[in-house]
Structures are given as structure tokens and as C-alpha cells.
Amino acid sequence: MSIRVFPDALEAFAVQAMHRQGISDDDARLAAQILVMTDTWGVHTHGTRQLRALLKNFPIGRLNAQAAAEVVREGGAWALIDGHHALPFVTATRAMELAIRKAKTVGIGYVGVMNTSHFGAAGYYATRAAEAGMIGIAMCNADPQMTIPGARGKVLGTNPIAYALPNGDKPVFLDIATSAVAANKVIRAKLLGQMIPEGWLTDADGRPTTDPSGFPEGGALLPMAAHKGYGFALLVETLAGVMTGAAMTRQQPSWVPDLAGHPPDFANQGQVFMAIDAGMMLSPLEFEERMRWLADYIHETPKAAGAERTYLPGEMEWERRERALREGFDLPPDVVESLRGLASDAGIPFPFEEAAAADRSQPQ
Ligand SMILES: NC(=O)c1ccc[n+]([C@@H]2O[C@H](COP(=O)([O-])OP(=O)(O)OC[C@H]3O[C@@H](n4cnc5c(N)ncnc54)[C@H](O)[C@@H]3O)[C@@H](O)[C@H]2O)c1
């Protein structure tokens, strides 16, 4: 059953669960804000659903609540950060903040991170840059889940790329896996007993399949747009993995302890955060005006038969968020299940039970 929640209440619950792992209040609040923002965008595969698996890394020492990321090498426009297996959402946010500071001084900031783990939706970090007047780019490598043309089995991670463009208080942003879909969408369909569309998955022999039941143990995701997604995944692997010293491809254990082998090795993801000062070539005002022209052009373009609107990337997400802040939003059953498990792991009440019961008692 899905449950209607308000963002504030969901954040408070996530913070409480993180406190139980010794995570500081500031860090827990930032992480909760990121995860709940992602949920309000409607990207439930990478919102609070991820917190249970991530927190399981703390008691076994794969993540450390007391650790803090550290800049280990630096130039005028770039830096390399050792994440020291601290809470990855915080490390990633600090890395993008550093990229933004550098871009404010020299026009561009490029910050790589290693020794870190799952940062959730790449789009959050890119939008932080856009809110500061920068073009933001965020990406990471991950353990292999995706095949490449001609191969059988998993070769590369789903290596997401996100960009965000300054556009008032609602940055334009594209936030995508370089696989046809994020792995969680297939796992979610499997849990719900649903078939998946063609073009998402191959089976253990490398043949296309619409049956998710064998994944992730066998089979592999397909790249988005065939060789094009593969090509971009390889770029991400190079920028985030090869350049930073992080683990690469099959050296990378899953960030989910249960899937990482026994005993699970440290996740050592590589992540990259870029900020480019949008006003550095013309002026901030000219950028703003030209960007507005581009946005209007996209919105006003003639519509296909049966279509009512054209969207800028990120626009659907901001509209969902506005609605969620106003009216609350529905957490899908798999997210509810994960949060129930989180409450049980943390020994805290699952606070949304009453809301669900009250909802059921209302006349329909
Ligand atoms: N951390 C990780 O290891 C990891 C790995 C893979 C994916 N992810 C995350 O998974 C999430 C989902 O990825 P996905 O590939 O399934 O995303 P998706 O295919 O659902 O695409 C979402 C993006 O496409 C845009 N979009 C969709 N329809 C549009 C339209 N009609 N017009 C304009 N723009 C449109 C959205 O605004 C959004 O930016 C992302 O947040 C990504 O960062 C994370």
C-alpha cells in the first residue's frame, strides 16, 4: 500500500534513523533533505528508499559516521577529495560547494572524489551549482550492472550523469543513468511482480528480456540508446573512476552490503562535480536573457498531434515537488516497505501508520 506523507515529516523520520547510527545532526539533516527532495521530484528509486541499505554500511565499518572528507590534492580550478568513507551525501555536497567556490574565482571548478559510496540522485548536486549561477555537472561510477554492445553480462556501472542550468529558482536539469534505466527500476518491477519494457535488460546469455526476475543475480541492463549510452558510461568511468584513483568497473563492490560479497570490501566509488560560471563569457544578465529565450522557444515549439506541452528537463520534477510541498505526496509500496524495514533496523516507530489509517477512515 502507498502512504501519503509530507516532506517535513519524512525528513524528521530519516534524521531520527540516521541519529541511531551516530551521524551528527547537521549531516543527518543534509542527507535527509537530499533524499526527500529526490522523493518529492518523483524519483522514488533514489530517495529515502535508499537509506536502509546505506545505513547498513555503518555497523560493519564500510561507512564511518565520525569521518569527514578531505582535500588531498588541489590546483586553481580543480581538487581531489578523499571521502574517507564518510556519509556520501555530505561528501558530495561539500565537493560541489568547493567546485562552485573555484568557479567563482577562475570560471570553472572540477572536483573529483574517491573512497566514497552511493550519493543517490546525481541531479541534486548539479542543481546546487545552478542555484549559485553555475552550470552544474555531477556524475559517478558504480559497480557493473550494465552490458555493452556485443558483450554478455555486466561490464560497466549505470554511471549516471546530471547537468543543471541556471533558470531562476527552478534550474533546468537532466538527471539520468547511462543505462536504459536505473537498476532500481528493474528491481522495483521485480519486487512488484511486473514485466518490464523491451530495451531495458538482457538475460544471463546476453539476450534481450522483459522478465526482471533473474536480475541482479544474472543478466545485465542495456545501455541507453545502445552504443551512445555505452560511450557516455565510458566517459563517466574515466572522469569519475580512472582520473580520481577510485575503484573501476569490476573492482567496484556494490555499495549495498548484502550484494557486495563476503566479507564486503569498501565501496570506493569515484564521483565528479563540475561548476562552470554561466556568466563568464558574456555577462550573468546576458546569460539569463538568452537562457530565457531558449526556455520560451522550447515551450512554444509546435506540439505533436495529441501532445499538450513540451517540457524542459527537470520541469516535471519541480512541478511534482511544488505539489508535494502543498499537498503531501504518495510513497509507493516498495518505498514504504523499505522505510518500515529502516524503522525496524533503527528501533524507532514507523510514524506514518496513523496517517495511513486516518486516510482509510475518510469517506472515499
Ligand atoms: N548514484 C547512482 O549510482 C545512480 C546510478 C544510476 C542512476 N541514478 C539516478 O537514478 C535516477 C533515475 O535515472 P533514470 O535514467 O531512470 O532517469 P529517467 O529516464 O527517468 O530520466 C529522468 C530525466 O529525464 C527528464 N525528462 C523525462 N521526460 C522528459 C520530457 N518529456 N522532456 C524533458 N525532460 C524529460 C527528467 O526531467 C529527468 O531529468 C537519477 O536521479 C540518477 O541520478 C543514480
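Residues numbered from 1 in each chain as written. Predicted model: local features only at pLDDT ≥ 70, side-chain atom pairs only at ≥ 80, totals over all residues.

**Observations concerning the overall build of the protein chain**
Looking only at helices and strands, one finds 11 helices and 12 strands in the protein chain. Relative to the compact-globule value of 21 Å for 364 residues, the protein chain shows a C-alpha radius of gyration of 20 Å, a close match. By principal-axis analysis of the C-alpha atoms, the protein chain measures approximately 55 × 50 × 45 Å. When burial is assessed residue by residue, the protein chain has 47% of its 364 residues classed as buried. Contacts spanning at least 24 positions in sequence make up 64% of the contacts within the protein chain whose residues lie at least 6 apart. (Helix = DSSP H or I, 4+ residues; strand = E, 2+ residues; numbered from the N terminus. Rg over C-alpha atoms; globule rule 2.2 N^0.38 Å. Buried ≥ 20, exposed ≤ 12 C-beta atoms within 10 Å, placed from the backbone. Contact = placed C-beta atoms within 7 Å.)

**Some thoughts on the site of the ligand**
Around the ligand, the surrounding shell holds 27 residues, and the nearest of these are Ala-121, Ala-122, Pro-160, Ala-177 and Ala-182. Secondary structure elements with two or more residues in the shell around the ligand: α5 (122-131), β7 (172-176) and α9 (315-327). It is β7 that provides the largest number of residues to the shell around the ligand, a total of four residues. Residue composition of the shell around the ligand, grouped by class: 17 nonpolar, seven polar and three charged. (Near = placed C-beta within 6 Å. Nonpolar A, V, L, I, M, F, W, Y, C, P; charged D, E, K, R; others polar.)

**Observations regarding the sheet that holds β7**
Reading across the sheet, the seven strands line up as β2-β3-β4-β11-β5-β6-β7 and stay open at both edges, with mixed pairing between neighbours. What marks the edges here is a single partner per strand, and that holds for β2 (70-74) and β7. Pairwise comparison of adjacent strand axes, ignoring direction, gives a mean angle of 15° for this sheet. Strand direction decides the pairing type here: β2 and strand β3 (residues 78-82), joined by four bridges, are antiparallel. Within β3, the residue paired with Val-71 across the bridge is Ile-81. (Pairing = 2+ DSSP bridges. Axes fitted to C-alpha atoms, helices over the stretch in contact; angles between N-to-C directions.)

**Here we look at the pairing of strand β4 (residues 108-116)**
For β4, a buried count of eight out of nine residues is recorded, marking the element as mostly surrounded by other parts of the structure. By the bridge criterion, five bridges tie β3 to β4 in an arrangement that is parallel. Bridging across to β4, Leu-80 finds its partner in Gly-112. Traced from β3 through helix α4 (residues 88-106) to β4, the parallel crossover comes out right-handed. (Right-handed = clockwise from strand over helix to strand, strands pointing away.)

**Quick look at the nonpolar core**
Ranked by internal contacts, the top residues of the largest apolar core, which has 97 residues, are Met-96, Ala-99, Ala-126, Ala-129, Met-139 and Phe-273. The biggest single contributor to this core is α4, with nine residues. Each residue touching Ala-99, except ones within four places of it in the same chain, is listed here: Gly-109, Tyr-110, Val-111, Ala-129, Phe-273, Met-274 and Ala-275. (Core = buried A, V, L, I, M, F, W, Y, C linked by C-beta atoms within 7 Å.)

**Here's the deal with the confidence of the model for the protein chain**
Parts of the prediction with low pLDDT should not have their coordinates interpreted in detail. Summary statistics for the protein chain give a mean pLDDT of 95 and a share of 97% for residues scoring 70 or more. Scored below 50 in pLDDT, residues 360-364 makes zero contacts in the model with residues more than four places away or belonging to other chains. (pLDDT = per-residue confidence, 0-100.)

**What to know about the packing of helix α2 (residues 25-40) against α4**
One can describe the packing of α2 onto α4 by two numbers: an axis separation of 9 Å at closest approach and a directional angle of 85°. One way to sum up the angle between α2 and α4 is to call them roughly perpendicular. Mapping the contact onto sequence places Asp-27, Leu-30, Ala-31 and Ile-34 in α2 and Phe-89, Val-90 and Thr-93 in α4. When the residues that make up the contact of α2 with α4 are grouped by side-chain class, the tally is five nonpolar, one polar and one charged. (Parallel < 35°, antiparallel > 145°, perpendicular 65-115°, else oblique.)

**Examining the sheet that holds strand β8 (residues 201-202)**
Read across the sheet, three strands follow the order β9-β8-β10 without closing on themselves; strand pairing throughout is antiparallel. Here the strands that pair on one side only, and so sit at the sheet edges, are β9 (208-209) and β10 (220-221). Of the strand pairs in this sheet, β8 and β10 are connected by two bridges, and their pairing is antiparallel. Bridge assignment links Thr-202 to a residue of β10, and that residue is Ala-220.

**Describing the packing of helix α1 (residues 7-19) against α2**
Where α1 contacts α2, the axes come no closer than 9 Å and their chain directions differ by 140°. Classified by the interaxial angle, the pair formed by α1 and α2 is oblique. Here α1 runs over α2; the crossing is right-handed. For the pair α1 and α2, contact is made by Pro-7, Leu-10, Glu-11, Ala-14, Val-15, Met-18 and His-19 and by Ala-28, Arg-29, Ala-31, Ala-32, Gln-33, Leu-35, Val-36, Asp-39 and Thr-40, respectively. Here the contact of α1 with α2 is built from residues that sort into 10 nonpolar, three polar and three charged. (Left-handed = near helix turned anticlockwise from the far one by under 90°.)

**Structural notes on α5**
Residues three or four positions apart in an α-helix share a direction because the helix packs 3.6 residues into each turn. Within α5, nine of the 10 residues are buried, which leaves the element mostly enclosed by the surrounding structure. Where α5 is concerned, the buried positions are Ala-122, Gly-123, Tyr-124, Tyr-125, Ala-126, Thr-127, Arg-128, Ala-129 and Ala-130. For α5, the secondary structure elements touched by its buried residues are α2, α4, β5 (134-140), β6 (161-165), β7 and β11 (269-277). Phi turns positive one or two residues past the end of α5, at Gly-133, with a value near 85°.

**Focus on helix α6 (residues 183-191)**
Inspection of α6 places Ala-183, Val-186, Arg-188 and Ala-189 among the buried residues, and these make up the whole buried set. Against the buried residues of α6 lie β8, β10 and α10 (333-346). Of the residues flanking the end of α6, it is Gly-193, one or two places downstream, whose phi is positive at about 70°.

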